[in-house]
Structure formats: structure tokens, C-alpha cells
Amino acid sequence: ESIAAGNLTERVPGENQKTEVGRLARTLNVMLTRIEAAFSARLASERRLRASEARLRRFVADASHELRTPIAAISAYAELFGRGASEQKEDLERLMGGIRTETTRMEHLVADLLLLARLDEGRPMEQRSVDLVALCAEAVHTAATVGPDWPVTFHASTPIEVMGDATSLRQVVDNLLGNVRAHTPPGTEAQVTVEPEGDGAVVTVADNGPG
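Residues numbered from 1 in each chain as written. Predicted model: local features only at pLDDT ≥ 70, side-chain atom pairs only at ≥ 80, totals over all residues. Heavy atoms only, no water.

Draft legend 1. Highlighting the nonpolar core. Membership of the largest hydrophobic core comes to 19 residues, with the highest contact counts inside it found for L135, C136, V152, V173, L177, V192 and V194. Of all the secondary structure elements, the ones that give two or more residues to this core are α3 (132–146), α4 (166–183) and β4 (190–197). Looking at this core, the element that brings in the most residues is α3, giving seven residues. (Core = buried A, V, L, I, M, F, W, Y, C linked by side-chain atoms within 4.5 Å. Buried < 20%, exposed > 50% of the residue type's maximum accessible area, 1.4 Å probe, protein only. Helix = DSSP H or I, 4+ residues; strand = E, 2+ residues; numbered from the N terminus.)

Here it is, written out as C-alpha cells:
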């Protein structure tokens, strides 16, 4: 009755007896051990499946959030193009360069989704040399294009290269600048600075909005 109630750690007593009842108890206990192991494996598999589904949901939500910035940037570039920016060669080159940059970022995000679907693992962080000043300058340029009502200034006293994942670093800066647009009124000014610190660097995103 205890085993039927779900207590799979229970065992039939008397298995050490050298009798027919003892042999039957040993046989039942071997069977119970195997059933317990099978249930434990099933529970572990279910936990892994739930964790996998949770990771997938989180990643899809994150990727959807991350895609908003490049999509908004491309939309803004297209709007500028429609307003006549294509008539000036310098403006056209800037627009096309921005569109290519944002398209590349979208391709990385889509590749992440495909990799997750295939391997149920996130894309490992790359460790390569990243021009942090150029990366932040691109993020500032995109932010100024997407949200012209939130002026952004950029300052870097010296070129800085770090080892890291360029795509992930760019996502961090974009998210912080996106928070300025999402949580402060139009006209709020933001400042992005990049300064060396020891063997690394510090990127600061600040604004003069409320809070």
C-alpha cells in the first residue's frame, strides 16, 4: 500500500531469508529498484525539458526585444531616405552604411535563434578584439537616428580595444540608450562616455531626465 501510494523507496522485508518468501522479496525489491530508477530518470528528463522550454521562452523574448532597435533604426533610415537624404552623396553613404550595420546585427540575432532551436544552447560568447569606441559611436549614431527627440552626445578620450563579444556589447549599449527613450520625456539629453580603466574600460550612459 505504501508503494502504491507513491513511496518508491519502500522495500519488501525479508529478502535476506533463505526461503521461497525471501527469494520472492528479493525479486520484488530488484524490480522496485529498477522502477524507482526509471521514475527518477523520467522526473529528471521532465525537469530538463521544463528548463529548456524556459530558456527558449526567455531567449525568444530577449531576441524580440533586441530586434526592436535595429528594426527601428532601419525604419528611421528609410524615412530619412524618403525625405530626400538620397540627394546628397554623403548622406546616402551614411544611410546605406547604417542600414548595412543594423542588418548585420539582425542577422546575428536570427542566427542565435536558429542555433538555439538546433542545439538548445545559446551562442557562446566570442572573445576577440573589439574597437569599443567605434562600437559605442555606432550605437550613439543609431540612437540619434531612431530617437531624434532625445539628443545624445559621445565622448572618448582615446581609442580603446577590449576582448569581448561585439554583438553582445552593442546590445548592452543599445538597451541603455533605449531606456532613455522609453523612460524619459522628449528633450532629455543623454551622454555616452568611454574611458580606459586598468586593463579594461568603462562605458557610461547617463541622462538628465527625472530619476
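Structure shown, so let's carry the discussion forward.
Draft legend 2. Examining α3 more closely. Under the 1.5 Å per step criterion, the end-to-end length of α3 is 21 Å for 15 residues, consistent within 8% with the ideal 21 Å. Restricting attention to buried positions, one finds in α3 the residues L132, V133, L135, C136, A139, V140, T142, A143 and T145. At the N-terminal boundary of α3, the capping side chain belongs to D131, with an oxygen 3.3 Å from the backbone nitrogen of V133. (Expected span 1.5 Å × (residues − 1). Polar contact = N/O pair within 3.5 Å; in protein donor to acceptor, adjacent residues only side chain to side chain.)

Draft legend 3. Representation of the sheet that holds strand β5 (residues 200–207) in the model. Read across the sheet, three strands follow the order β2-β4-β5 without closing on themselves; strand pairing throughout is mixed. The sheet terminates laterally at β2 (152–156) and β5, the two strands that pair on one side only. With strand direction ignored, the average angle separating the axes of adjacent strands in the sheet is 15°. In this fold α4 packs onto β2, β4 and β5, with an angle of close to 15° to the strand it touches most, β5. (Pairing = 2+ DSSP bridges. Axes fitted to C-alpha atoms, helices over the stretch in contact; angles between N-to-C directions. Contact = heavy atoms within 4.5 Å.)

Draft legend 4. Quick look at the pattern of salt bridges. Scanning all chains against the criterion turns up five salt bridges. In this structure, D174 and R170 form a salt bridge, with 3.0 Å as the shortest nitrogen-oxygen distance. Here D174 pairs with R170, and both are found in helix α4, just four residues apart, close to one helical turn. Exposure remark for D174: the relative accessible area of 4% places this residue in the buried category. Here R170 falls in the buried class, since its relative accessible area comes to 4%. Three or more residues joined by partner-sharing salt bridges are found here, namely E102, E138, R170 and D174. (Salt bridge = Lys/Arg side-chain N within 4 Å of Asp/Glu carboxyl O.)

Draft legend 5. Molecular detail of helix α1 (residues 20–82). If you check α1, its first and last C-alpha atoms are 92 Å apart, about what 63 residues at 1.5 Å a residue would give, namely 93 Å. Following α1 by one or two positions, G84 has its phi on the positive side, about 110°.

Draft legend 6. Inspection of the packing of α1 against α4 at higher detail. Put simply, α1 and α4 touch, their axes get as near as 10 Å, and they point 75° apart. Looking at the two axes, α1 sits roughly perpendicular to α4. Together, H65, E66 and T69 of α1 and Q171, D174, N175 and R181 of α4 make up the contact between the two elements. Across the contact of α1 with α4, the residue classes tally to no nonpolar, four polar and three charged. (Parallel < 35°, antiparallel > 145°, perpendicular 65-115°, else oblique. Nonpolar A, V, L, I, M, F, W, Y, C, P; charged D, E, K, R; others polar.)

Draft legend 7. Spatial organisation of a nonpolar patch on the surface. Nonpolar side chains collect at one region of the surface, where L24, L28, M31, I35 and F39 lie side by side and expose about 420 Å² of accessible area between them. Tracing the backbone shows L24 in helix α1. (Patch = residues over 30% accessible without salt bridge, like charges linked within 9 Å, V, L, I, M, F, W, Y side chains within 5 Å. Areas by Shrake-Rupley, 256 points an atom, 1.4 Å probe, with all protein chains shown as cover.)

Draft legend 8. Examining the pairing of strand β3 (residues 161–164) more closely. Residues V162 and G164 line the buried face of β3, whereas the alternating positions E161 and M163 sit on a face that is not buried. Two elements, strand β1 (residues 128–131) and β3, share four bridges in a ladder whose sense is antiparallel. Bridge assignment links S129 to a residue of β3, and that residue is M163.

Draft legend 9. Region of the structure containing the side chain of N29. With respect to the helices and strands, the residue N29 is situated in helix α1. A polar side-chain atom of N29 sits 2.6 Å from a polar atom in the side chain of E15. When residues no more than four places from it in sequence are discounted, the contact partners of N29 are R11, V12 and E15.

Draft legend 10. Representation of the packing of α3 against α4 in the model. Across the interface, α3 lies against α4 with an axial gap of 10 Å and an inter-helix angle of 35°. At the point where α3 passes α4, the crossing takes the right-handed sense. Across the interface between the two elements, L132, L135, C136, E138, A139, V140, T142, A143 and V146 of α3 pack against A166, L169, R170, V173, D174, L177 and R181 of α4. Among the residues making up the contact of α3 with α4, the classes are represented as eleven nonpolar, one polar and four charged. (Left-handed = near helix turned anticlockwise from the far one by under 90°.)

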